[in-house]
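# Structure assessment
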Amino acid sequence: MASAPRQRGPVPQHINRVWFFAVQDRLDEIPESDIKVISLLKGLPMTDSHPAMNSIRETRAWSTSGYLIFLAFLALLALTIYRIIAFAGSDPQDSEIFGFLVSTALSVVALIVLSSGFYMIQPNQAAAITLFGSYRGTDRSTGLRWVWPWMGKTKVSVRANNVVSEKLKINDLRGNPIEIATNVVWRVADTAQALYDVDDYKAFVEVQIEAAVRSIGSKYPYDDIEHHEVTLRSNHGEVNADLRAELNTRLGLAGLTVDECGLTHLAYAPEIAGAMLRRQQAEAVIAARTKLVEGAVTMVEMALKQLGEKDVVHLDDERKAAMVSNLMVVLCGERDTQPVVNTGTLYQ
């Protein structure tokens, strides 16, 4: 017996009306495990779009030389002190007293304003200027500087920083667990992004270095005895260049740049280090044996060819096979051979 159609419920304000009714009409055909539909019918906001972050770029802030303002401050201070001393030694009238007090109060306020706007910037240092929370630019001029005292000043270093990451255990391209660590030289390139696009740019660097090292470490194999692939152990230049590009991409969001980076530690994980060492030794022995056999075959071939061309001796196939066997034993053997002198004929 067919069930009665469901009644349409109220449409949440954040959901498109046509799409919502279409979902309700086909509710019986939708699995209960469909979390998005269940959330929609419960009125929970579901959206894949989020407001974009308001990215800030560094601009030049207005500021002036602090030395000129300091001279003006000294001049105003000297003038105020002189007026106070001169006024104290005179016999002013009541109207003059009121004017003196007003002018002196204004001078004191001006002195306070002038003295509150000074700040120092050292070499490779910058100051982000804000006005009631609004970014107004960055001052990179070194020395004594001055801005209006109600403007905020946040200093940030643009010097190079060196970070050595911790040893991370990851799996390389072939799934072998390895330990890897890196050294990164970074600095702030855009002060506005570093201060206002991320919460803590130094902590951001630590996290992104770990993420980049894990990404690069899993992209390449640890070693390749046949030298057909780019490996972490053999191709340091390519791996470091790829790691730097990865870091610059990740840290660009925070206005940071990487000047240099390189792996400081690279080894198999302890649990497989012994097995991988034996495998490397076996591969090295095989490669050495292969080269040795190739060289021996070439030398035997050259010896037979020259004997035939110079007509030194004529050998049949059986004698050639015996000569090849003897030469291969001599050339490929690990121990020194003991020569045997044949005093009979060639066939004895």
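Anything mentioned here points back to the structure above.
### Remarks on the pattern of salt bridges
Side chains that differ in charge, positive against negative, can pair when their charged atoms come close. Enumeration according to the criterion identifies seven salt bridges in this entry. The partner of Arg214 in a salt bridge is Glu210, with the nearest N and O atoms 3.4 Å apart. Pair noted here: Arg214 and Glu210 are both in helix α6 (residues 201-217), with a separation of four residues, about one helical turn. Given a relative accessible area of 34%, Arg214 falls into the partly exposed group. Overall, Glu210 belongs to the partly exposed group, its relative accessible area being 36%. One salt bridge connects Lys219 with Asp242, and the closest N-O pair in it is separated by 2.8 Å. Taken together, the positions of Lys219 in the loop between α6 and α7 (236-251) and Asp242 in helix α7 put the pair 23 residues apart, joining distant regions of the chain. Under the relative-accessibility criterion, Lys219 is labelled partly exposed at 45%. Taking the relative accessible area as the measure of exposure, Asp242 reaches 17% and is therefore buried.

### Here we look at the side chain of Asp190
Secondary-structure assignment places Asp190 in the loop between β9 (177-188) and α5 (191-196). Buried and unpaired, Asp190 has no salt bridge, with Arg57 as the nearest side chain of opposite charge at 5.0 Å. In this structure the side chain of Asp190 is engaged in a polar contact, spanning 3.0 Å, whose partner is the backbone nitrogen of Gln193. Not counting residues up to four positions away in its chain, the partners in contact with Asp190 are Ile56, Arg57, Glu58, Ala254 and Gly255.

### Here's the deal with the sheet that holds strand β2 (residues 118-121)
Read from one edge of the open sheet, three strands run β1-β5-β2, paired in antiparallel fashion. At either margin of the open sheet sits one strand with a lone partner, and together these are β1 (64-65) and β2. Across four bridges, β2 lies against strand β5 (residues 143-146) in antiparallel orientation. Among the inter-strand pairings, Phe118 is bridged to a residue of β5, identified as Trp146. Its contacts with the sheet place helix α3 (residues 66-88) against β1, β2 and β5, and it is angled at close to 70 degrees to β5.

About the thresholds
Residues numbered from 1 in each chain as written. Predicted model: local features only at pLDDT ≥ 70, side-chain atom pairs only at ≥ 80, totals over all residues. Heavy atoms only, no water. Salt bridge = Lys/Arg side-chain N within 4 Å of Asp/Glu carboxyl O. Helix = DSSP H or I, 4+ residues; strand = E, 2+ residues; numbered from the N terminus. Buried < 20%, exposed > 50% of the residue type's maximum accessible area, 1.4 Å probe, protein only. Lys, Arg positive; Asp, Glu negative; His and termini not counted. Polar contact = N/O pair within 3.5 Å; in protein donor to acceptor, adjacent residues only side chain to side chain. Contact = heavy atoms within 4.5 Å. Pairing = 2+ DSSP bridges. Axes fitted to C-alpha atoms, helices over the stretch in contact; angles between N-to-C directions.

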